[in-house]
Structures are given as structure tokens and as C-alpha cells.
Amino acid sequence: GHDLTSPPMGPPDPILGVSEAFKKDSNPKKMNLGVGAYRDDQGKPFVLSCVRKAEALISAKQMDKEYLGITGLADFNKSCAKLALGADSEVLKSGRNITVQTISGTGSLRIGANFLSRFHGGPRDVYLPKPSWGNHTPIFKDAGMTLKAYRYYDPATCGFDHSGALEDISKIPEQSVIMLHACAHNPTGVDPRPEQWKEISDLVKKRNLLVFFDMAYQGFASGDIDKDAWAVRYFIEQGHNIVLSQSFAKNMGLYGERVGGFTVVCNDAEEAKRVESQLKILIRPIYSNPPMNGARIASTILNTPELYSVWLGEVHGMANRIIKMREQLEAGLKKEGSTRDWQHVIDQIGMFCFTGLKPEQVERLTKEFSVYMTKDGRISMAGVTSGNVGYLAAGIHAVTK
Amino acid sequence: SLSRLQTSWWGGVQMGPPDPILGVSEAFKKDSNPKKMNLGVGAYRDDQGKPFVLSCVRKAEALISAKQMDKEYLGITGLADFNKSCAKLALGADSEVLKSGRNITVQTISGTGSLRIGANFLSRFHGGPRDVYLPKPSWGNHTPIFKDAGMTLKAYRYYDPATCGFDHSGALEDISKIPEQSVIMLHACAHNPTGVDPRPEQWKEISDLVKKRNLLVFFDMAYQGFASGDIDKDAWAVRYFIEQGHNIVLSQSFAKNMGLYGERVGGFTVVCNDAEEAKRVESQLKILIRPIYSNPPMNGARIASTILNTPELYSVWLGEVHGMANRIIKMREQLEAGLKKEGSTRDWQHVIDQIGMFCFTGLKPEQVERLTKEFSVYMTKDGRISMAGVTSGNVGYLAAGIHAVTK
């Protein structure tokens, strides 16, 4: 036989590894605060009713399963862009964006990374906030870019390191790529305030940087679709021709259906056509054309007014439950007698909370209380329920007092 | 007022050429001739020229819908029940490989996604030369798949334009010169674009030679069941090679044989030395896949898995695949008969001998152009027609057109 190089065992994915350890634990009080998938107040996965309704509408049509085009479902692409940019966006009116359907957020980021690698004339460096979602790094690396970072999270305040971020951004070489989380920063939950976004925009413009927005939580952060897209829209208004990744995994609960979009805001419609042609050439040898089912569901919701309003209500509901759990956790910690400042639990936004726990404390929380989270102290608030928030508060207090 | 940045990021991005195969469909759409025929894309059509959703698929969808399942992420390697049955379909239920657990099979984004994962895996882990040897010709997309993954492309003779058949001696001659440990791509059945498959005794010679040259075999099986109508017969070459000791890599697609095109269902398999090696390979596949798309789409895999794992649906499926393959075979016979009836003196035996969805007609580019311009029959420049686009209602028209441009 041949000598296929026999690869070594690779390390398990840190985030998914948490879920695997959780499954093996027999403690009835165990909590999985690892993966960022929304849970209802009974700790169960939640399929949105607008999704079920959309599925029923689609099923009734008994549609065929013919290939989508390389760039996916046109109605989805239009409404995906409209959701992010706003119906009144000048970009949409002038047709100077190209928006393609992608395999959720990861697929969008990777298409973007590959596109930058092939066509961006500037430096190969992509500047991520410190910290960022773990998967950003191999996405850009495997696409041939190099990773750098700018200060973002301030462990002293468990908040945004505004001066540190501006200082680091001011030194980024011109035409480099800067990644910005549009809202509900993953893993910290720390978002800049509007006036801070404005300063970042001015500085990024001065440094002539290419902005790559990752928006995986639109609607999920504040509960309001437009509010969560504010930074993206502001940057565009300020003249940044951004690239943008969107995911519908969380805000529509379409996780495993893999629904997302990748947008390049161009100078004009003619440029958008050229960019589109190159995106197609890039995508075709990766997966030819994207999966239809999730995009049909998302498109049906976005384009059917009653379903769209049901959806807005359900997104708002999910965000509200998260916010309530934050409030209950903070109150619970106070009640336990903790003297630490837990304000950040309430101030941080979206699914994740960067607790500030140190690795040793995380380890104790897992070993002694069967509370599972990633080593960086990140917890998924979606895994917290009114039934277990007290237990969680007790555990966190125990390891931090 | 806008303060648009002066520099355009994408000013230097050129308009890229359109995809040759998909470009055919686009030209077809614009044609107003009522007799127009689209023989470009390889998607099955029924005898009314309509897309066909298999009834086993509809039944599976109803079963799935009734369960009101959640939409939680699959794991990086996809739906476990799908992966098991996908491997079983290709390798056979009795496969020693499955018994010893020495394969790793992961769910992929149809055939293209499978090939790309494979190409990336080879690029990262194959210790041999970077060269991937494709048959000449091969599916157009193979080239950028391997190129973009960092491999280099070479070719071995395959199609003999003189006979419109398999160039057995040419293939063996070229393969005998391939440097050891290079990767060789083999189409398991229903070669795309030619429809020309080696006969079993020819496969045996290829296997012996490939073994002698110590080549890494990459099988592309996009048409299992669709070629002869028989699942096991179509997988014969794959299974034979494994029995002969080749630790192959294999891409499977369910786009055609289950009509799941847009649902994007496929599998990628690495046959390893043992279960321990398979675990190591699996861990590295996960590391590779996670930064491409994290985890694969659930819907199509659930449908395929339901069909493969529900006995009544499985037999319905076998019948429907057989039916699709039979209709294709019938159209081949009718086209060949039609050409004879038109008075053509050319040898059209290859129309019947070729296998699967495609027929390499032997038409030259100028003849293809005439067929398109004068008859509104759309096909790719290489003379490839998709038999799936032929119906009992239009086969006569097609025969007349082909005869007109070749007499």
C-alpha cells in the first residue's frame, strides 16, 4: 500500500469539548454554559414559532430541490442585506453591495477571508479584538492571512478598553484589515457605546483600514434589530466600504440549517458585479452552491409581513430572557453575600458573559459544582434558567469569595 | 452628505469569466424558441422535462416533519446516522473496513464539499508529491478544487476520441509513469463528462498498476445507483480497490441519486490502516472543517439518513434510482435509433455504450455551435449532453439536429 502520511491526533475544539465533558457528568444539578445556543427557561432548545410557520408554508408549496445558484437564494440575499443595512440604505438603492448566501456565519467569514486573501491589495494582517471568537483565528489563517490584535477587553473593569483600543488602532498600518464585532461581542459581551463607535470610525478612516464587521447576533443583543445594526449602518454612512458577515443561527434559531450572508459594500454597482463574479469563482470549488432549506425559511420570514413581526417579537423575547437572567444572577450574587463588583454581568450584552473568573476558579466551578464553561471564564447566559440561576450564583460566590 | 473613501478597495478586481456549465443554462433561459432544449446541467428531468423530487424523499420529509425536531448544531462531522449509512452504501454492509472501524466518514456539503475537504486534507497531510492526476477529460470543477487547496494538477489519458470510448492502453501507459505516492483521481462510475467507464477487467489492470506505482487513490462517486441502476454494481470498482488493499479516499454525493441537489448532501471517507489511525484522521478533519463552515447543514442529511435507515423507504429509493437510470438508458436507445432513422451513416454506438447522465457525443465545437444557434439545443462546448434533459417528446428533434450538423 501507499504511504499516506499518518497525521497526529489533533487537539479537541475547546468550546465543543466543554459540551462533551458536560454530557459525561452524572450530577443532576449540572449546567452547560459552554456553547452559545439559546435555551428557554426550561433549559430546552427553542425552535421559533415563526420558523415552524415558515416551514409549514414552504412544505405546502412542495417545491423542488434544484440547485440554487452559486450565490444562493436571491430573495434571501436581498432581504438579508436589507435587514443589516436598513430598508432605506443608500447602498441598496444604488445597488452597490453584493450579498451572497453563505453557510452561516463561519462560512461567511471564510468566504470573506478567502476573498481578502485573493483580492485585497493591502497587508495580509487581520486585526482581531483581544479577545475574539476562537474560530476567527484559524478561519483567517487557513485562508492565508496573518493575525494581529488590538486591545479591546479591559479585565480591570470587565468592560471596554476604549483608550487601549484607540491607541492600538492608531498604530495599525494603512490598508490593513480590522475585524469589528457589530454587537454582542463574543466572548466578552462588551460593546462600545455609540460615542465610542464614532471615535473608532474616525480613527479607522484616518488609518485607511478595511473594516470587516462580524454580525452574528443582530436582534439578539438589545432585542432590537435596528439598534443592534447601528454600528454597521453608521460606519457605512461615514463612508467605510465595509465587508460584513451575518448569521441567522442565533437570531432565528436556525443553527444547524446553516444560514448566513456575506456582503461587500462597493464603490458602485459596476464594481459590485465584478466582485460578485469573483466571489462565484471562489465559492464554486468550495461547495458549488449553498444549502437551500434554511435560506428558504429565513427568506419566508423576512419577506412575509406577519411572520416578520412574529419574528421580531420572538427575538425580543429571547433577548429579554437573557437580560432577565443577567439581572437575576447579579442579584443572586449579592444575595449570597458576594462583595465583588458584578455590575458587568448586567452591563455586558448578548448571549455571553465574561465573568472575570480565573482558570483555577473555572476549574473549581466545574469540578465541585458541575458548572461547565470555557476556561476564559465565559458563560453562555442562554444556559441559565430561573430554576438554576440561584445554584449558579452560589457556585460562583463559592469560588470567588 | 457622503464622505466616500477615495481609494476603492476593489478597483483592481477584474470581471471573472462565467462558469462554462452554468453559463449554458443562462443562455438557454434567454432563448425564446419553443423547441429549445437544455442539455447543459446534469440535473435529472422526468419524461415531461420537469425536475423530479423522489417520493421516498417526500415520505422522509413527512416523517421528519412529524417529529418536529430541533435545529441544534450537528457536530463538525455531521449527522452520525447519516455517516454510518453513507459509508455502508458505498462500501457494502459486509465490508471488512466497516467491521474494523478503520474508515472515517464525515458528512459534507455534497460532492463538491467532499472533494474540497479531501483536497485540503491531502494538501495538509499527504507526504507525497503535490500532484493530483485527473483523467483526461474530467469534471471541470475538479481543477479549481484541487488548485485552490494548494495541489497541482496533472492528467492521464482516459477518453479516446477515435472510439468515443475508454483509452485503456493510453491510460495504463500514462499511469505507469506517474511518480510514486502521487494522488490519482478515479471516477467510480458514470464518468463525467464522457460517460465512459472501464470494464471490470480493465479496472483490475488499473488497480494492479496503481498498486505497483504506490499511488494514493481518490475515488469520486457522484452517481452511485444512477449509472447502471444498481447500487452495488455501481460501487464495484470502489469495493474492488479496497479489497485489493488500496486505502482510498472517497467522495460521495446524494445530489443525483436521491435528487437532493440543493440540500447539499455528501460524504467524505478516508480508509485508514486501523481504527486508531481513523481517529487521528477524524480529529484532523474536524480541525480543517471547523474554520470553513463549522458544521454541515442538517436538512438533507436527515432526509438521506431517514431513507437509508428505514427499510420501506430504502426499497422505494432503490426502485426510483433504478427508474431514473432506466429512463436515461431508454433515451440513449431512442436517440441512437433516431439518428439511424434520420439516415446518419456515423457510428453512434457510443450513445448507447456510455453510462450515466452524460453523453460525449463526439461533436466538434463548430457543430455544437450550429446545434445551439440553429436548433436551440444547448450543451457544453465539449460536445457533452445531459441525457437527463432528453424526453420521448424531444428526442426526435434532437436526433434531427445532431444529424443536420454532422452529415
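A quick note: this is a predicted structure, and the numbers were derived from the prediction, not measured.

(A) Quick look at the packing of aromatic side chains. Scanning the entire structure with this criterion turns up 41 aromatic pairs over all chains. Look at F212(A) and F262(A): their rings are 6.1 Å apart centre to centre, the planes differ by 50 degrees, and that puts the pair in the tilted class. Residue F212(A) is found in strand β8 (residues 210-215), and its partner F262(A) is found in strand β10 (residues 260-265); the two are separated by 50 residues along the sequence. An angle of 70 degrees between the planes, with centres 6.4 Å apart, marks the rings of Y217(A) and F220(A) as edge-to-face. Y217(A) gets classed as buried once you look at its relative accessible area, which sits at 4%. Assessed through its relative accessible area of 1%, F220(A) is described here as buried. Clustering of aromatic rings is evident, with ring pairs tying together Y38(A), F46(A), Y217(A), F220(A) and F352(A). R378(A) extends its terminal NZ or CZ atom over the ring of F352(A), reaching a point 3.7 Å from the ring centre. Sitting above the plane of the F358(B) ring, R384(B) keeps its charged end 3.7 Å from the centroid.

(B) The arrangement of the UniProt feature "domain: Aminotransferase class I/classII large" (unreviewed entry) in chain A in detail. According to UniProt, the positions carrying the feature "domain: Aminotransferase class I/classII large" (unreviewed entry) are residues 29-395 of chain A. Here residues 29-395 of chain A runs as 47% helix and 15% strand, with 11 Å between its end C-alpha atoms.

(C) Spatial organisation of the side chain of Q202(B). Mapping Q202(B) onto the fold places it in helix α8 (residues 200-212). Note on Q202(B): relative accessible area 8%, which makes it buried.

(D) Inspection of the interface of chain A and chain B at higher detail. Taken together, the 86 residues of chain A in the interface contact 77 residues of chain B. On inspection of chain A and its partner chain B, the count reaches eight salt bridges. The partner of R124(B) in a salt bridge is D142(A), and the shortest N-O contact between them spans 3.0 Å. Taken together, chain A and chain B are joined by 41 residue pairs in polar contact (both at pLDDT 80 or more). For the side of chain A that touches chain B, the secondary structure elements donating two or more residues are α1 (14-24), α2 (49-61), α5 (104-119), α6 (136-142), β10, α11 (269-287) and α12 (292-303) of chain A. Examining the composition of the side of chain A that touches chain B, we find that 11 residues originate from one element, α11(A), more than from any other. Classifying every residue of the side of chain A that touches chain B by side-chain character gives 40 nonpolar, 24 polar and 22 charged.

(E) Here's a closer look at the pattern of salt bridges. On inspection of all chains with the given rule, the structure shows 38 salt bridges over all chains. With its nearest N and O atoms 2.9 Å apart, the salt bridge here joins K367(A) to E363(A). Of this pair, K367(A) and E363(A) both sit in helix α15 (residues 359-369), four residues apart, which is roughly one turn of that helix. With a relative accessible area of 44%, E363(A) lands in the partly exposed category. With its nearest N and O atoms 4.0 Å apart, the salt bridge here joins E277(B) to R280(B). Of the two residues, E277(B) and R280(B) both sit in helix α11 (residues 275-293), three residues apart, roughly one turn of that helix. No difference in accessibility class separates E277(B) from R280(B), as the two residues are buried.

So, how was this worked out
- Residues numbered from 1 in each chain as written.
- Chains lettered and ligands numbered in written order.
- Predicted model: local features only at pLDDT ≥ 70, side-chain atom pairs only at ≥ 80, totals over all residues.
- Heavy atoms only, no water.
- Phe/Tyr/Trp six-rings, centres within 6.5 Å; stacked < 30°, edge-to-face > 60°.
- Helix = DSSP H or I, 4+ residues; strand = E, 2+ residues; numbered from the N terminus.
- Buried < 20%, exposed > 50% of the residue type's maximum accessible area, 1.4 Å probe, protein only.
- Lys NZ or Arg CZ within 6 Å of the ring centre and 35° of its normal.
- UniProt positions renumbered as here; feature names shortened; annotations may be inferred.
- Contact = heavy atoms within 4.5 Å.
- Salt bridge = Lys/Arg side-chain N within 4 Å of Asp/Glu carboxyl O.
- Polar contact = N/O pair within 3.5 Å; in protein donor to acceptor, adjacent residues only side chain to side chain.
- Nonpolar A, V, L, I, M, F, W, Y, C, P; charged D, E, K, R; others polar.

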